[in-house]
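Okay, here's what each chain looks like letter by letter:
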Amino acid sequence: MALQQRDLQIQGYERVIEAIDEERGLHTIIALHDTRRGPALGGTRIYPYHTRDEALTDVLRLAQGMTYKSAISGTPTGGGKSVILANPKTDKTQDLLEAFGEVVESLKGKYICAEDVGSSVEDMEVIHRTTSHVVGLPGFGKTGDPSRFTAYGVYMSILATAQRLWGTHDLSGKTIAIQGLGHVGTKLAEHLFWAGARLVLSDLDMLKAESIGKLYSATLIEPENILYHPCDILAPCAMGAILNEDSIPRLRCQAVVGAANNQLATPKDHKRLQDSSILYAPDFLVNAGGLITVCGELTPQGCNPVTARTQVASIYDTLLAIYDLSKKENISPDQAAHRIADQRLEAAISV
Ligand code: NAI
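Now for a quick tour of the structure. All values reported here derive from a predicted model rather than from experimental measurement.

### Observations regarding the site of the ligand
Then, in step 1: In the neighbourhood of the ligand, 21 residues make up the surrounding shell, with Thr150, His183, Asp203, Lys208 and Ala238 lying closest.
Then, in step 2: Between Leu204 and the ligand, the recorded distance is 3.3 Å, taken from a backbone N or O atom to a nitrogen atom.
Then, in step 3: Between an oxygen atom of the ligand and a side-chain N or O atom of Asn261, the distance comes to 3.1 Å.
Then, in step 4: Relative to its unbound accessible area of 820 Å², the ligand is 76% covered by the protein chains.
Then, in step 5: Grouping the constituent residues of the shell around the ligand by class yields nine nonpolar, nine polar and three charged.

Next comes the structure, spelled out in structure tokens:
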């Protein structure tokens, strides 16, 4: 048989499977971290990992992150993720994606896939040929690219953070620096512009930064300096692990609120930020707008953008509650968010 699948025994994970189909070019690992609150939902990352161990580490970390993201944002889903070891520019074929869909289908709905780095709405349509357990599809009652909802959730999180810092969510005249002008960063820039913020922008592609910068009279900063540019709020919307032992002492902002997944390089970094008096909005809540929205596709009536907008807007109240708990208990917002998520996981209830 062409498609070969085996279970990996990983402590702390409900199920991890690795599947290889040499003929169709598929090598995938799917991790189901926690399904107490519902089926594991998480994106399919297609990435040219250097080694299989690197891919395994990534999928385990991301699946666990999805458990906390689901719990803190109150979606009826659990944590899971999949990675495909391939270069999305050169190796991604319809055969590969169909083979991947067969693996997802074999999990009988315990895992639901969606877009992620390296995979697109069009890819989800191909995967959908061989499995029904996929969200982020185009069409009526579906979400398509969820990044507009993710960006709106980041914007609401910035407003909540402003409220906490300055007692008002008026952003006029506040300087906000965005690292990364992709799907989320670009849409966030537009929200912030209309809210009166002064924008500082950066992307690896500085031509893109220039053309977006012109739209909003933004200041442009080279990628290597954006994290350290003086601003009121820093919004990382590119890669993870950017908040670390080296970068944190050099930050010149009052708060960090952005879309990037896994911004803290190590579990110690939330404390480093707290000790530096920098308010850190937990990324797994800030960037949950996309997840909240695609979950609408799982309901009988499908995704309704108006309902999704209201649900994503509630990130504002959730974040304020986290800031309150953090202040009351003298813990970091990241610890407060994990505490609430853990309680929900223990209770295994959807709220
Ligand atoms: P994207 O791939 O569309 O955009 C990322 C942008 O960041 C690209 O333009 C890239 O050139 C730029 N970039 C990369 N490294 C950089 C650096 N060192 N300095 C400046 N710019 C840099 O990604 P997308 O969809 O906008 O997502 C952004 C982040 O948010 C990612 O970490 C993603 O995992 C996370 N996220 C995205 C969601 C979504 O709905 N798209 C949902 C939840 C999280």
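That shown, we press on.
### Notes on the pattern of salt bridges
Then, in step 1: By the definition in use, this model includes 19 salt bridges.
Then, in step 2: Two residues, Asp275 and Lys271, come together in a salt bridge whose shortest N-O distance is 3.0 Å. You can see Asp275 and its partner Lys271 sitting in helix H7 (residues 269-275), four residues apart, about one turn around the helix.
Then, in step 3: Overall, Lys271 belongs to the partly exposed group, its relative accessible area being 40%.
Then, in step 4: A salt bridge links Arg339 to Glu329; the nearest nitrogen and oxygen atoms lie 3.4 Å apart. Of the two residues, Arg339 is situated in helix H12 (residues 333-347) and Glu329 in helix H11 (residues 315-329); the sequence distance between them amounts to ten residues.
Then, in step 5: Through salt bridges with shared partners, a single ionic network connects Arg45, Asp58, Arg61, Lys81 and Asp116.

### Overview of helix H2 (residues 94-106)
Then, in step 1: Helix length check: H2 (13 residues) gives 19 Å between terminal C-alpha atoms against 18 Å at 1.5 Å per residue, within 8%.
Then, in step 2: Inspection of H2 places Leu96, Leu97, Ala99, Phe100, Gly101, Val103 and Val104 among the buried residues, and these make up the whole buried set.
Then, in step 3: Directly after H2, the chain includes Lys108, whose backbone phi takes a positive value near 55 degrees.

### Re the pairing of strand S7 (residues 175-179)
Then, in step 1: For S7, a buried count of five out of five residues is recorded, marking the element as mostly surrounded by other parts of the structure.
Then, in step 2: Residues Thr175, Ala177 and Gln179 line one face of S7 and the alternating positions Ile176 and Ile178 line the opposite face, and both faces are buried.
Then, in step 3: Alignment of S7 against strand S8 (residues 198-202), held across five bridges, turns out to be parallel. Bridged to Gln179 within S8 is Ser202.
Then, in step 4: Viewed along the sheet, the connection from S7 through helix H5 (residues 183-194) into S8 turns out right-handed.
Then, in step 5: Where S7 and strand S10 (residues 233-236) come together, four bridges link them in parallel fashion.

### Brief notes about the environment of His270
Then, in step 1: Its place among the elements puts His270 in helix H7.
Then, in step 2: Overall, the relative accessible area of 13% leaves His270 in the buried class.
Then, in step 3: In this structure the C-alpha to C-alpha distance between His270 and Ile233, which are 37 residues apart in sequence, comes to 16 Å.
Then, in step 4: When neighbours within four sequence positions are excluded, His270 is seen to be in contact with Leu264, Ser332, Asp334 and Gln335.
Then, in step 5: Only 3.1 Å separates the side chain of His270 from the backbone oxygen of Pro267, close enough to count as a polar contact.

Thresholds, definitions, all that
Residues numbered from 1 in each chain as written. Predicted model: local features only at pLDDT ≥ 70, side-chain atom pairs only at ≥ 80, totals over all residues. Heavy atoms only, no water. Near = heavy atom within 4 Å. Polar contact = N/O pair within 3.5 Å; in protein donor to acceptor, adjacent residues only side chain to side chain. Areas by Shrake-Rupley, 256 points an atom, 1.4 Å probe, with all protein chains shown as cover. Nonpolar A, V, L, I, M, F, W, Y, C, P; charged D, E, K, R; others polar. Salt bridge = Lys/Arg side-chain N within 4 Å of Asp/Glu carboxyl O. Helix = DSSP H or I, 4+ residues; strand = E, 2+ residues; numbered from the N terminus. Buried < 20%, exposed > 50% of the residue type's maximum accessible area, 1.4 Å probe, protein only. Expected span 1.5 Å × (residues − 1). Pairing = 2+ DSSP bridges. Right-handed = clockwise from strand over helix to strand, strands pointing away. Contact = heavy atoms within 4.5 Å.

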